[in-house]
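Descriptive analysis of the structure
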Amino acid sequence: MSVTEYEVGRQPGPPARKRVEVDPITLRVLGGAFHAIAKEMAGVLFRMSYSSIIRESEDLGAGIFDAEGRELCESDSTPMHIGSLPWYIRGFLHRLEGDVEDGDVIVHNHPYLGASHSPDVAVAVPIFADGELLGFAAVTAHVLDVGGSFPGINADAFDVYAEAKLYNGLRWYRRGELNEDVDRMIFDNVRTETMNRGDMNAMLAACQLGCERFLRLVDRYGVDVVMSAAYDWMDYSERMLRAEIAKIPDGTYGPVIGWLDDDARNRDTQLRVETRVIVEGDEVTIDLTGSNPEVPTGYNVPFEGSLLVSCYYAVRTILLDESTFPEHVPQNDGVFRPVKVIAPKGTIFNPSFPRACFSRFCQTQRVVDNTILALADALPEKVTAGNAAGIHFCAYAGFDESAGEYWLYLEVNEGSYGGRHGKDAMDSVDNLMANTRNNPIEELDQRFPMRCDQYELRPEPAAPGKWRGGIGIIRRNRFLVDGTYSCEGDRQTDPPKGVFGGWDGLVASCRKNPDTAREEYLPAKVTGIPFRVGEFIEFREPNAAGYGDPLERDPAHVREDVLDDFTTVGLARDAYGVVFADERTLEIDPEATEAKRAELRAGRDGRSLTEYFRDGLVADTAPVSVAGNTEFGIEPA
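Presented here is an overview of the structure given in this document. Bear in mind the structure is a predicted one, so any value in this text is a computation, not a measurement.

Ordered in space as S8-S9-S10-S11, the four strands form an open sheet in which the pairing is mixed. Each end of this open sheet is capped by a strand with a single partner; those strands are strand S8 (251–260) and strand S11 (339–342). Adjacent strand axes in the sheet meet at a mean angle of 15°, parallel and antiparallel pairs treated alike. Across eight bridges, S8 lies against strand S9 (residues 271–280) in antiparallel orientation.

On inspection of all chains with the given rule, the structure shows 66 salt bridges. Here Arg 242 makes a salt bridge to Glu 283, at a shortest N to O gap of 3.4 Å. Residue Arg 242 is located in helix H7 (residues 223–246), and its partner Glu 283 is located in strand S10 (residues 283–287); the two are separated by 41 residues in the primary sequence. Here Arg 242 falls in the buried class, since its relative accessible area comes to 16%. A salt bridge links Glu 244 to Lys 247; the shortest N-O distance between them is 2.9 Å. By relative accessible area, Glu 244 is classed as buried at 9%.

Across the sheet, which stays open at both edges, the four strands sit in the order S13-S12-S16-S19 with antiparallel pairing between neighbours. For this open sheet the edge positions go to strand S13 (405–413) and strand S19 (526–531), each flanked by a neighbour on one side alone. Neighbour-to-neighbour, the strand axes of the sheet open up by a mean angle of 20°, direction not taken into account. Inspection of the sheet shows strand S12 (residues 392–400) paired to strand S16 (residues 483–489) by six bridges, in the antiparallel sense. Within the sheet, the bridge partner assigned to Cys 394 lies in S16 and is Cys 487.

The subject of this paragraph is unusual backbone geometry. The omega angle of the peptide bond from Gly 254 to Pro 255 is 10°, so this bond is cis rather than trans. Geometrically, the link from Phe 353 to Pro 354 is a cis peptide bond, its omega value of 10° lying close to zero. Take Pro 354: it is sitting in the loop between S11 and helix H9 (361–374). For Glu 97, which is not glycine, the phi dihedral falls at a positive 55°. For Glu 97, the position within the fold is in the loop between helix H3 (79–96) and strand S3 (105–108).

One face of the sheet, then the other: side chains in a regular strand alternate in exactly this way. In terms of burial, strand S20 (residues 536–540) is largely enclosed, as five of its five residues are buried. Residues Phe 536, Glu 538 and Arg 540 of S20 are buried on one face, and the alternating residues Ile 537 and Phe 539, pointing to the opposite face, are buried as well. As paired elements, strand S15 (residues 473–479) and S20 share five bridges and run antiparallel to each other. What sits directly across from Arg 475, in S20, is Phe 539.

Take empty space enclosed by the protein next. Enumeration according to the criterion identifies four cavities of 30 Å³ or more in this entry. The space that makes up the largest cavity amounts to roughly 120 Å³. Looking at the largest cavity, it is lined by 14 residues, and the ones nearest its centre are Asp 59, His 142, Arg 360, Phe 361 and Phe 393. Across the lining of the largest cavity, the residue classes tally to six nonpolar, five polar and three charged. For the second largest cavity, the calculated volume is near 60 Å³. Around the second largest cavity, the lining residues are Val 8, Pro 111, Tyr 112, Pro 302, Phe 303, Glu 304, Lys 345, Asn 350 and Pro 351. Residue classes in the lining of the second largest cavity are distributed as six nonpolar, one polar and two charged.

Inspection of the secondary structure assignment puts Glu 443 in helix H10 (residues 441–447). In contact with Glu 443, not counting residues within four places along its chain, are Ser 52, Arg 55, Glu 56, Tyr 409 and Phe 448.

Working definition: an aromatic ring pair is given by the centre-to-centre distance plus the angle between the planes. Inspection of every chain in the model, using the stated rule, returns 22 aromatic pairs. Both rings, one in Phe 92 and one in Phe 136, keep their centres 5.5 Å apart while their planes meet at 80°; by these two values the pair is edge-to-face. Residue Phe 92 is found in helix H3, and its partner Phe 136 is found in strand S5 (residues 132–142); the two are separated by 44 residues along the sequence. We note that Phe 92, like Phe 136, is buried. Among the aromatic residues, those joined into a cluster by ring pairs are Tyr 396, Trp 407, Tyr 409, Phe 448, Phe 479, Tyr 485, Phe 531 and Phe 539.

Note that Glu 442 resides in helix H10. With a relative accessible area of 47%, Glu 442 lands in the partly exposed category.

Cut-offs and rules
Residues numbered from 1 in each chain as written. Predicted model: local features only at pLDDT ≥ 70, side-chain atom pairs only at ≥ 80, totals over all residues. Heavy atoms only, no water. Pairing = 2+ DSSP bridges. Helix = DSSP H or I, 4+ residues; strand = E, 2+ residues; numbered from the N terminus. Axes fitted to C-alpha atoms, helices over the stretch in contact; angles between N-to-C directions. Salt bridge = Lys/Arg side-chain N within 4 Å of Asp/Glu carboxyl O. Buried < 20%, exposed > 50% of the residue type's maximum accessible area, 1.4 Å probe, protein only. 1 Å grid on protein atoms, 1.4 Å probe; cavity = no way out; pocket = protein on both sides within 12 Å on 5 of 7 lines; lining within 4 Å. Points joined across faces, edges and corners; volume = space filled by probe spheres on them. Nonpolar A, V, L, I, M, F, W, Y, C, P; charged D, E, K, R; others polar. Contact = heavy atoms within 4.5 Å. Phe/Tyr/Trp six-rings, centres within 6.5 Å; stacked < 30°, edge-to-face > 60°.

In structure tokens, the structure reads:
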């Protein structure tokens, strides 16, 4: 059946299965069991996986779904993955025309049939009880390589066929028997067969465990009770979210407009992200009308597997924050139902087949960030200032002749959160949709022909605010052999936005061989850049934005910020209006501070940390980088 016949975004509607009444205690027990199954599946996956992007970063999702893809439960992992799995299931059911049998193992990654993007491969095992298809145990994870034109990452791909090998509802196992032809096709067409095979076997083990655990519940409680409990929990989550949406005054919030750097080919053209949030009763619509037309590279976004999930996440995380919301609200299909999304066909958020859509993460991050900013006035105590909302997701690669295949290392570089009501922001953390863990230096140094020269908070200070923005990282990685570097990144031109008088943040940067005679500034999105032995790369991830008027920050807290290197003496004066009588002891001059703050209140406009550092980045010559340059004969600047 043709991909073009598939109707994107079509929900299955209410469950048709007849329900039975489930008492509250059994309902709670089964709800806990569902969550435990998903967590155990994820634990199997990240403990068994070969590649660090899954094992260390936990770039994965796992859960149980009904026969039409409704989510019963999800693992506590990367939000992008688990929310996309319902669309994977509906996509491969479309391809297979519903023909699924007990013992099948289905592999799927088609971005126009539900996948979040082609490297995020899903493995799904159907759950049958007494001949009835109850649903699926399914996982998805980012595998190292999917056979595109360059190792690992292909931001500048001609079309969807050039970006990756497409697995469109393939039966890896058929009725419990390995399909050897499919197996060879999957693993003979990637650069990292050993790693991919290890990862996908781990994914299969996780699915088999999930299936077994779910059938144990069915054996103990009966299929009608288990499925009724699952659907009751969905209805509960839906009611809770609708109740929170209904508290927001009806209206259209925004538009908030952000700008992506470029499309990985046309370097002088920024891409528009326009976001409105429309609240009507107990439903919310995120409208991206006005956003950029689709682009001729891989910098488009799969509508179902990436955009919808991002919008679901944005609403859920603002209104049902697990740390602050007084009641437990499980993550399941009910949370998706009150959220609608509009993205016109032919834009970067709803591209036309066969456009490539490999590199889509930074775009979805900006949708989430824009949504948060749009709701700031309505929900000032629930939002953050502008977040880093962008990553440098990198692939380092080379050919290992002794192994007969490529070595390939994927790395997510962390940014930071924006300031929030009552608290300063979190520093050096992957944020919003990504939410992956960092790759330790030891993982890089011990397992790959590379060396990490530097990994710490970037030297520039935090964006000022009543509550300061977060600080991103600076990281330098050096090649010990010849290799290639590719990246899908962004936020090197458009800084995170401050709210309620807070300063805008600081943009990211990427430099090859920084502070040497070979220094070269790189765009955030590149494909297949060669690196010679000894050459190295530096990332500085965004410093997020400030929340609230910096002049309302307690001067004593500003002094502590100077002592802790979160700000400087100059910025304390220029942004916070704090004047020190003695810059050695940092004794505050109260009268001069009061006068300086009055002066700033009378004559200031909005300020940006990026503008403050317009003359250049803070110099940072890490001793280990200098030693490495000497070792490999790279001359200083």
